[in-house]
Amino acid sequence: KCPILAVDSVESPYFSSSYIVATAGVDPVIHMWDLRKPNEELFSLQGHEGNVSGLAFSPDMSQLVSNSMDGTVRQWDVKPVASVENRCKRLLQGGQ
């Protein structure tokens, strides 16, 4: 188990459960959870090369933005219908 460094939650119309939580710890992976099934990960988001240090859902609850110690910010499609290969919609590197 890793310490959690970043958490955000949202009431989402895209999932059968009302509340979805995104967590990240001392690794480059973001984990998506359904609060009704806290021991069952919905899916994970991978692409950062350093610890994820911040998370925020978009106002419409379809996107998640993450920042990492690798100097990048990523915009993710977190709707359940998004394909695994196409979840990262935008990558910004330090200084952009």
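Quick look at the structure, then. All values reported here derive from a predicted model rather than from experimental measurement.

Quick look at the side chain of Thr-23
Its place among the elements puts Thr-23 in strand S2 (residues 19-25). Assessed through its relative accessible area of 11%, Thr-23 is described here as buried. Side chain to side chain, Thr-23 and Trp-33 meet in a polar contact 2.9 Å long.

Re the packing of aromatic side chains
Enumeration over the complete set of coordinates arrives at zero aromatic pairs. Here the guanidinium or amino end of Arg-87 rests over the ring plane of Phe-43, the centre of that ring lying 3.9 Å away.

Considerations on unusual backbone geometry
Of note, the phi angle at Met-61 is positive, near 70 degrees, even though the residue is not glycine. Note on placement: Met-61 falls in the loop between strand S5 (52-57) and strand S6 (63-68).

Quick word on the nonpolar core
General note: in soluble globular proteins, nonpolar side chains tend to be found buried as a group. With 13 residues, the main nonpolar core has Ile-30, Met-32, Leu-45, Leu-64 and Val-78 as its most contacted residues. Contributions of two or more residues to this core are made by S2, strand S3 (29-34), strand S4 (41-46) and S5. With sequence-adjacent residues up to four places away left out, Leu-64 is seen in contact with Ala-22, Ile-30, Met-32, Leu-45, Leu-55, Ala-56, Phe-57, Arg-74, Gln-75, Trp-76 and Val-78.

Let's talk about the environment of Trp-33
Along the chain, the position of Trp-33 falls in strand S3. Given the relative accessible area of 23%, Trp-33 is considered partly exposed. Each C-alpha atom, one on Trp-33 and one on Tyr-19, is 8.5 Å from the other, the two residues being 14 residues apart in sequence. Each residue touching Trp-33, except ones within four places of it in the same chain, is listed here: Tyr-19, Ile-20, Val-21, Thr-23, Pro-38, Asn-39, Glu-40, Glu-41 and Leu-42.

Calculation rules
Residues numbered from 1 in each chain as written. Predicted model: local features only at pLDDT ≥ 70, side-chain atom pairs only at ≥ 80, totals over all residues. Heavy atoms only, no water. Helix = DSSP H or I, 4+ residues; strand = E, 2+ residues; numbered from the N terminus. Buried < 20%, exposed > 50% of the residue type's maximum accessible area, 1.4 Å probe, protein only. Polar contact = N/O pair within 3.5 Å; in protein donor to acceptor, adjacent residues only side chain to side chain. Phe/Tyr/Trp six-rings, centres within 6.5 Å; stacked < 30°, edge-to-face > 60°. Lys NZ or Arg CZ within 6 Å of the ring centre and 35° of its normal. Core = buried A, V, L, I, M, F, W, Y, C linked by side-chain atoms within 4.5 Å. Contact = heavy atoms within 4.5 Å.

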